[in-house]
Amino acid sequence: MTDSANQGWRGSAELWLEAAQQALLDSGVEAVKIQPLAQQLNLSRTSFYWFFKNREELLDALLTRWREKNTGNLVQRAGAYAETVAEAMLNVMDCWLDPALFDPRFELAVRSWAMQSADVLAEVHKADAERLAALTDMQTRFGEGGLHADVRARTIYLTQMGYITMQTQEDLHTRLERIAVYVEVFTGHYPEPRELARFHARHGYTPA
């Protein structure tokens, strides 16, 4: 059988991982099981083992995907080039508006999973610490020091985690109208018009 035929018969690691993530988002970690995923993908159960040793390895891969996407992108945006702390804050806020950078459903699903698993809870706490450190460093980079940098970072992060865990419903227009004031609250500085214009352009928003 050719490699392409084998690929079609077995699926791929990415295919199994995508199905596992969707099951996690839709129904929680208990739904991430090999046989139901195989049926959903119209693949044999044994084809799973070409890519993963067992269910635990699949779950570990899900956590890795969550960590690389949500934590990795947040840390990257916090460290991205900016001329002012307000612009740096807007860079971070890209994560809150673009699920390709930070997936809120994935975040909520992993945090729900952590309520059932001490190991996953430890990973969540590790991610929280890494994200907070990046946000604190962002504040420090622009002259905020000590406790003030720490508290500002916590205000940014815990506000957004509240949005996610409360599953707050807010249309894009409303949220973007509030962004400049959020930036002022989080950093002590109101963004310049040119900074807001660049941010709005990134998200396809034209103020009234």
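Anyway, here's the lowdown on the structure attached to this text.

**Looking at the packing of aromatic side chains**
All told, the structure shown has six aromatic pairs when counted by the stated rule. Taken together, a centroid distance of 5.4 Å and an interplanar angle of 90 degrees make the contact between Trp96 and Phe102 edge-to-face. Ring geometry for Tyr182 versus Phe186: centroids 5.6 Å apart, planes at 20 degrees, classification stacked. Of this pair, Tyr182 and Phe186 both sit in helix H9 (residues 172-187), separated by four residues, roughly a single helical turn.

**Focus: the environment of Ala133**
Looking at the element boundaries, Ala133 is found in helix H7 (residues 118-141). Using a relative accessible area of 36% as the deciding quantity, one classes Ala133 as partly exposed. Separated by 58 residues in sequence, Ala133 and Val75 place their C-alpha atoms 8.7 Å apart.

**Side note on helix H6 (residues 104-114)**
Among all positions in H6, only Phe106, Glu107, Ala109, Val110, Arg111, Trp113 and Ala114 are buried. The N-capping residue of H6, defined by a side-chain oxygen 3.0 Å from the backbone nitrogen of Arg105, is Asp103.

**Topic: the packing of helix H4 (residues 55-78) against H7**
Contact geometry for H4 and H7: axes closest at 9 Å, N-to-C directions at 10 degrees. One way to sum up the angle between H4 and H7 is to call them roughly parallel. Residues Leu63, Trp66, Arg67, Asn70, Thr71, Leu74, Val75 and Ala78 of H4 touch H7, and the partners they reach there are Val120, Glu123, Val124, Ala127, Glu130, Arg131, Ala134, Leu135, Met138 and Arg141. Broken down by class, the residue content of the contact of H4 with H7 amounts to 11 nonpolar, two polar and five charged.

Procedures and definitions
Residues numbered from 1 in each chain as written. Predicted model: local features only at pLDDT ≥ 70, side-chain atom pairs only at ≥ 80, totals over all residues. Heavy atoms only, no water. Phe/Tyr/Trp six-rings, centres within 6.5 Å; stacked < 30°, edge-to-face > 60°. Helix = DSSP H or I, 4+ residues; strand = E, 2+ residues; numbered from the N terminus. Buried < 20%, exposed > 50% of the residue type's maximum accessible area, 1.4 Å probe, protein only. Polar contact = N/O pair within 3.5 Å; in protein donor to acceptor, adjacent residues only side chain to side chain. Axes fitted to C-alpha atoms, helices over the stretch in contact; angles between N-to-C directions. Parallel < 35°, antiparallel > 145°, perpendicular 65-115°, else oblique. Contact = heavy atoms within 4.5 Å. Nonpolar A, V, L, I, M, F, W, Y, C, P; charged D, E, K, R; others polar.

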